[in-house]
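So the chains spell out like this:
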Amino acid sequence: MATPVFCCGFECGQLGSVGQHFNTVTGSPSFSTTTVRSGTRALRCNTSAATAQVQTPSLLSVADIIGRIYVRFATLPSADCTLIDSGGRIRFKQSDSKLYTADSANNL
């Protein structure tokens, strides 16, 4: 059985601090305490023609990544965009409003 290397439901409520889960922050991602799936917080990337992302160094050297995400769009993106990028990608395709998996060679 695999040993978890990284588990986070964004309950810590901290971004970009040394020693925190997500030490690389681009744009203005934040935490929502009103729109959550479970718990008290959810990551919110509220962008307009810009990039917002968080990154953790914990996953950079891991060969196999198994994960689960829940996505909620308040407004659907007006362009194709990447939601998760960790070798394998989860992308939103604007023309049909669907989510797809991709890799670095097949990028929708």
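This text goes with the structure placed above it.
Residues numbered from 1 in each chain as written. Predicted model: local features only at pLDDT ≥ 70, side-chain atom pairs only at ≥ 80, totals over all residues. Heavy atoms only, no water.

Some words on the overall build of the protein
Next, step 1: Scanning the protein for helices and strands turns up 0 helices and 7 strands.
Next, step 2: Each helix and strand of the protein, ordered N terminal to C terminal, gives the series β-β-β-β-β-β-β.
Next, step 3: A total of 108 residues make up the protein; the buried ones form 10% of that total.
Next, step 4: In the protein, 30% of the contacts between residues at least 6 apart in sequence involve partners at least 24 apart. (Helix = DSSP H or I, 4+ residues; strand = E, 2+ residues; numbered from the N terminus. Buried < 20%, exposed > 50% of the residue type's maximum accessible area, 1.4 Å probe, protein only. Contact = heavy atoms within 4.5 Å.)

Considerations on the pairing of strand S6 (residues 88-93)
Next, step 1: Pairing between strand S5 (residues 81-86) and S6: 5 bridges, direction antiparallel. Among the inter-strand pairings, Ile84 is bridged to a residue of S6, identified as Ile90.
Next, step 2: As paired elements, S6 and strand S7 (residues 98-103) share 6 bridges and run antiparallel to each other. Counted as the bridge partner of Arg91 is Tyr100 from S7. (Pairing = 2+ DSSP bridges.)

So, the environment of Asp96
Next, step 1: Relative to the helices and strands, Asp96 resides in the loop between S6 and S7.
Next, step 2: Along the backbone, Asp96 and Asp80 are 16 residues apart, and their C-alpha atoms lie at a distance of 10.0 Å.
Next, step 3: At a separation of 2.4 Å, a polar atom in the side chain of Asp96 contacts the side chain of Tyr100. (Polar contact = N/O pair within 3.5 Å; in protein donor to acceptor, adjacent residues only side chain to side chain.)

Notes on the sheet that holds S7
Next, step 1: The strand order across the open sheet formed by 3 strands is S5-S6-S7, and the pairing between neighbours is antiparallel. Of all the strands in the sheet, the pair left with one neighbour each is S5 and S7. If you compare each strand with its neighbour and ignore which way they point, the axes differ by 20° on average. (Axes fitted to C-alpha atoms, helices over the stretch in contact; angles between N-to-C directions.)

Details of the environment of Asp80
Next, step 1: Mapped onto the secondary structure, Asp80 falls in the loop between strand S4 (53-55) and S5.
Next, step 2: Among the residues examined, Asp80 registers a relative accessible area of 38% and is labelled partly exposed.
Next, step 3: Separated by 15 residues in sequence, Asp80 and Ser95 place their C-alpha atoms 8.0 Å apart.
Next, step 4: The residues contacting Asp80, other than those within four sequence positions of it, are Arg91, Phe92, Lys93, Gln94 and Ser95.
Next, step 5: At 2.8 Å, the side chain of Asp80 and the backbone nitrogen of Gln94 are in polar contact.

Remarks on the side chain of Ser32
Next, step 1: Checked against the element boundaries, Ser32 lands in strand S2 (residues 30-32).
Next, step 2: With a relative accessible area of 10%, Ser32 lands in the buried category.
Next, step 3: A distance of 3.3 Å separates a polar atom in the side chain of Ser32 from the backbone nitrogen of Thr34.

Some points on the environment of Ser97
Next, step 1: Its location among the elements puts Ser97 in the loop between S6 and S7.
Next, step 2: Expressed as a C-alpha distance, the spacing of Ser97 and Pro77, which sit 20 residues apart in the sequence, is 8.6 Å.

Regarding the side chain of Arg91
Next, step 1: Note on placement: Arg91 falls in strand S6.
Next, step 2: Among buried charged residues, Arg91 stands out as having no salt bridge; its nearest opposite-charge side chain is Asp80, 4.6 Å away.
Next, step 3: Side chain to side chain, Arg91 and Thr82 meet in a polar contact 2.4 Å long. (Lys, Arg positive; Asp, Glu negative; His and termini not counted. Salt bridge = Lys/Arg side-chain N within 4 Å of Asp/Glu carboxyl O.)

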